[in-house]
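# An overview of the molecular structure
In case you want the letters, here they are:
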Amino acid sequence: MNLFICDDELSTLIFLKKIITEHYGDAHTVFTFSDIKTMLNSGETADILISDIKLDDKNGIDGATELLKKSPYTKVIFFTAYPMEYFEDIFKNFRPFGFIGKPINEKLLFNHIDNIVEQSMRKETLEFTSKGLTRCLPLNNIIYIESHGRQKFIFTESDTYISNISFDEIIPKLNSDFSRSHIAYIVNLRYVSKILNNSCLLTNNKIIPISRKYKRSLQASFFIFKESHQV
């Protein structure tokens, strides 16, 4: 994973890079930045951003917000010596993955990083039972999921799987490539070619309905997905 560290104190940048490198070896690539502008213009992508909130050139919350526009899947860990001063602003804008006070608790930092890695690995496949057998499908292979009462139909390019797994069980196992379009449908945005007025057209020419309840969130998710996957 690519880890961004942003702080205007050189000593903190050196310290964080040192403890992360010593703890994880070459499992992660660490990039350090002393200001928001350099970070945003680096040309690199971040899986994890570890940032101070109080920076000389810009508020770290604003910097993280700008980074998430380019890389919506980045997980953010904030640290600050003034937690209560910024607490309301943090959670008003978005929900960071972790929050650490200063001096930095190394064990807590590593726990946050480990949890992000574990969550990322867990969300690469969907495990469910179909016809008495346990299936484990790569998420990228799932085109959409359709609900008919208790049964869920999971469609890939080559197969259709029927399971009694509920949407409440499915949704936490999916990543941000997936979006609800209707009470009975979840679509993989990788396979959406166009969003129409009350439906979306998939790359296999299948038409999936869009309900009023989910239309706005689907449109927003589709826009973010397209922006983040531009070549």
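A tally of helices and strands in the protein yields 7 helices and 15 strands. Classification of the 231 residues of the protein by burial places 41% in the buried group. Considering only contacts within the protein whose residues lie at least 6 apart along the sequence, 55% involve residues at least 24 apart. Here the protein has roughly 13,000 Å² of accessible surface; of this, 49% comes from carbon and sulfur atoms.

All right, on to helix 1 (residues 10-24) then. With 15 residues, helix 1 should cover 21 Å at 1.5 Å per step; its first-to-last C-alpha distance of 21 Å lies within 8% of that length. Among the residues of helix 1, Thr12, Leu13, Leu16, Ile19, Ile20 and Tyr24 are the ones counted as buried. Here the buried residues of helix 1 occupy an arc of 145° about the axis, which is enough to place them on one side. Opposite the packed face of helix 1, turned more than 90 degrees from it, sit the exposed residues Leu10, Ser11 and Glu22. Phi turns positive one or two residues past the end of helix 1, at glycine 25, with a value near 65°.

On to the nonpolar core. Counting residues in hydrophobic clusters, the biggest one holds 18 residues, and the most contacted among them are Leu16, Ile20, Ile50, Ile77, Leu109 and Ile113. Looking at this core, the elements that each hand over two or more residues are strand 1 (2-6), helix 1, strand 3 (48-52), strand 4 (75-80) and helix 5 (106-122). Per element, the largest residue contribution to this core is 5 residues, and it comes from helix 1. Apart from the residues within four sequence positions on either side, isoleucine 77 is in contact with Ile48, Leu49, Ile50, Ser51, Gly98, Ile100, Leu109, His112, Ile113 and Ile116. Counting residues in each nonpolar core, the second largest holds 17 residues, with Leu189, Tyr191, Leu218 and Phe222 among its members.

All right, on to the sheet that holds strand 4 then. In space, the 5 strands of this open sheet follow the order 2-1-3-4-5, with parallel pairing throughout. Pairing within the sheet leaves two strands with one partner each, and these edge strands are strand 2 (29-33) and strand 5 (98-101). When the angles between neighbouring strand axes are averaged without regard to direction, this sheet yields 15°. For strand 3 and strand 4, the ladder comprises 5 bridges, and the chain directions are parallel. If you follow isoleucine 50 over to strand 4, its bridge partner there is isoleucine 77. Along the sheet, helix 3 (residues 60-70) contacts strand 1, strand 3 and strand 4; its crossing angle with strand 4, the most-contacted strand, is approximately 170°.

Mapped onto the elements of the fold, alanine 27 is located in the loop between helix 1 and strand 2. Looking at alanine 27, the relative accessible area reads 47%, which means it is partly exposed. In sequence terms alanine 27 and methionine 1 are 26 residues apart; their C-alpha atoms lie 7.2 Å from each other.

This part takes up the environment of tyrosine 73. In this structure, tyrosine 73 sits in the loop between helix 3 and strand 4. Look at tyrosine 73 and you get partly exposed, because its relative accessible area is 31%. In sequence terms tyrosine 73 and isoleucine 224 are 151 residues apart; their C-alpha atoms lie 9.9 Å from each other.

What counts and how
Residues numbered from 1 in each chain as written. Predicted model: local features only at pLDDT ≥ 70, side-chain atom pairs only at ≥ 80, totals over all residues. Heavy atoms only, no water. Helix = DSSP H or I, 4+ residues; strand = E, 2+ residues; numbered from the N terminus. Buried < 20%, exposed > 50% of the residue type's maximum accessible area, 1.4 Å probe, protein only. Contact = heavy atoms within 4.5 Å. Areas by Shrake-Rupley, 256 points an atom, 1.4 Å probe, with all protein chains shown as cover. Expected span 1.5 Å × (residues − 1). Arc of directions from axis to C-beta. Core = buried A, V, L, I, M, F, W, Y, C linked by side-chain atoms within 4.5 Å. Pairing = 2+ DSSP bridges. Axes fitted to C-alpha atoms, helices over the stretch in contact; angles between N-to-C directions.

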